[in-house]
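Structural features, examined
What follows is each chain in one-letter form.
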Amino acid sequence: TLSLPDALPILSRYLLRPVTAISRAAAAIREGNWQNKVPVEQQDEMGEMAVAFNSMTQRLTETVTKLEEENVQRARAEANLLRAKERLETLTQFETDWVYWRNEEEDSFYYMSPTCEAFTGYSVDAFQQDAGLLDRLIHPDDLKLWHSHSHKRDSSGNLMPDEFRIVKKSGEVRWISHTCQRV
């Protein structure tokens, strides 16, 4: 049998070597080396701890890999969305009609084309900040028509426009042809 002073170095190596290995593996992982594994040298609690650490590292590696893939997909989707937005903005910048998309439930606009200013004298921001502005632009004599326009269709099924007057910011009265299309 070994005396306690003689056994301490052996016990120390037996206990400390696995703990040191796990500590080194944790440091390597902290530095980004996800492939680092703790050697499983013992079939006891220290060995179980090494196996658990390796399993945890594997799950962490899989999670990080999945998150990186999702980030790449998200970046692609954002780039595609930005390109689509740029194309739509280019299209609407050259649009000569006044186009808007109204959210009637919230009495606001999803979209208002920049040509609104040429037609009304009011900017997109003015319409976005005051959803009731559109209704107030309608000439008083045409309010009944505006509130009851019926989305009539011709014999081919095409929407027929309603014509009525608006009063521009400058006070000028202007006739417009209005066609609604639900989105």
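This text goes with the structure placed above it.
Conventions we followed
Residues numbered from 1 in each chain as written. Predicted model: local features only at pLDDT ≥ 70, side-chain atom pairs only at ≥ 80, totals over all residues. Heavy atoms only, no water. Salt bridge = Lys/Arg side-chain N within 4 Å of Asp/Glu carboxyl O. Buried < 20%, exposed > 50% of the residue type's maximum accessible area, 1.4 Å probe, protein only. Helix = DSSP H or I, 4+ residues; strand = E, 2+ residues; numbered from the N terminus. Patch = residues over 30% accessible without salt bridge, like charges linked within 9 Å, V, L, I, M, F, W, Y side chains within 5 Å. Areas by Shrake-Rupley, 256 points an atom, 1.4 Å probe, with all protein chains shown as cover.

Here the focus is the pattern of salt bridges. If you walk through the whole model with that rule in mind, you get 6 salt bridges. Linking Asp 107 and Arg 102 is a salt bridge whose minimum nitrogen-to-oxygen distance equals 3.7 Å. Judged by its relative accessible area of 42%, Asp 107 is partly exposed. Its relative accessible area of 18% is what places Arg 102 among the buried residues. Residues Asp 135 and Arg 102 are paired through a salt bridge, measuring 3.2 Å at the closest nitrogen-oxygen approach. Separated by 33 residues along the polypeptide, Asp 135 in helix H5 (residues 133-137) and Arg 102 in strand E1 (residues 100-103) bring together distant segments of the chain.

Looking now at a nonpolar patch on the surface. The grouping of Leu 4, Leu 8, Leu 11, Tyr 14, Leu 15 and Leu 16 at the surface amounts to a nonpolar patch, some 590 Å² of accessible area in total. Among the secondary structure elements, Leu 4 is positioned in helix H1 (residues 4-30). Among the residues examined, Leu 4 registers a relative accessible area of 59% and is labelled exposed.

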